[in-house]
Amino acid sequence: MGTCIYGIEGDISLPKSYQVPKKSLLSYGSSITHGAGSSVPTSGYAFNLATKLGMNLRNLGMAGAAHMDEAMAEYIAEQKWDIAILELGINVIDWTIEKFEEKARNFIHTIASTHPDRPIYCISMFTSYADFVITEQIQGMRKVLQQIVEELNLPLLYYVDGSKCLPDLTGLTSDALHPSNTGMASITEYLYQQING
């Protein structure tokens, strides 16, 4: 899918500083974070969360490729943002728990150690078909992510249980993985409460 601009008419100018949000929300994660499953781009949870928070969104959601690469961690660490949300796990459910733990720990540590004064929310996998097909794997990965956050013991680093963001399958599309508009709204509201709680 692409965007085509056929023409612009009339006087145009860049937004004035007072017309744009002063703060920014950076989101990293899978196609779910990118917005897949929502009917339009503005229905995705990351977009709606940024809107509710009054922030500009920098969405680094990448379909099928949220592998917690070192280069991406370093890139995020180099950027300016006020809050970061890191959705981790669904793109690597075929990894061993040990590999997931190593990659997630390094990824989070690289970002959090560079920005100890910025809130970072680490979100485990949202509810999906995988909870019923490979239950032990999914629960193990959620537990490991929570342990990593607790062991790093940084004051502005938080664990968010993705299964609480999306409590049941009724918020999913027909693939039983990507949230529908209803599911995206549920994730948005839960994360908003966590951030503003």
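Here is what the cut-offs are and how they apply
- Residues numbered from 1 in each chain as written.
- Predicted model: local features only at pLDDT ≥ 70, side-chain atom pairs only at ≥ 80, totals over all residues.
- Heavy atoms only, no water.
- Helix = DSSP H or I, 4+ residues; strand = E, 2+ residues; numbered from the N terminus.
- Rg over C-alpha atoms; globule rule 2.2 N^0.38 Å.
- Buried < 20%, exposed > 50% of the residue type's maximum accessible area, 1.4 Å probe, protein only.
- Contact = heavy atoms within 4.5 Å.
- Areas by Shrake-Rupley, 256 points an atom, 1.4 Å probe, with all protein chains shown as cover.
- Lys, Arg positive; Asp, Glu negative; His and termini not counted.
- Charge placed at Lys NZ, Arg CZ, Asp CG, Glu CD.
- Pairing = 2+ DSSP bridges.
- Right-handed = clockwise from strand over helix to strand, strands pointing away.
- Salt bridge = Lys/Arg side-chain N within 4 Å of Asp/Glu carboxyl O.

Caption draft 1: Representation of the overall build of the protein within the structure. Within the protein one finds eight helices and five strands. Relative to a compact globule of 197 residues, whose C-alpha radius of gyration would be 16 Å, the protein shows 17 Å and is just as compact. The burial tally for the protein puts 46% of its 197 residues in the buried class. Long-range contacts, defined as pairs at least 24 residues apart, comprise 79% of the intrachain contacts of the protein with a sequence gap of at least 6. Within the structure as shown, the protein displays about 10700 Å² of accessible surface, and the carbon and sulfur contribution to it stands at 52%. Positive and negative charge centroids in the protein, built from 13 and 21 side chains respectively, lie 8 Å apart.

Caption draft 2: Molecular detail of the pairing of strand β3 (residues 83-87). Burial within β3 is extensive, with five of its five residues counted as buried. Of the strand pairs in this sheet, strand β1 (residues 24-29) and β3 are connected by four bridges, and their pairing is parallel. Bridge pairing in β3 places leucine 25 opposite isoleucine 83. When β3 meets strand β4 (residues 120-123), the two strands line up parallel, connected through four bridges. Residue pairing for β4: leucine 86 is matched across the bridge by cysteine 122. Assessed by its sense of winding, the connection that carries the chain from β3 through helix α4 (residues 97-114) to β4 is right-handed.

Caption draft 3: Just the pattern of salt bridges, in detail. For the structure on display, the rule yields seven salt bridges. In this structure, glutamate 151 engages arginine 105 in a salt bridge whose closest nitrogen and oxygen atoms are separated by 2.9 Å. Of this pair, glutamate 151 sits in helix α6 (residues 135-152) while arginine 105 sits in helix α4, and the two are 46 residues apart along the sequence. We classify glutamate 151 as exposed; its relative accessible area is 51%. For arginine 105, a relative accessible area of 24% puts it in the partly exposed group.

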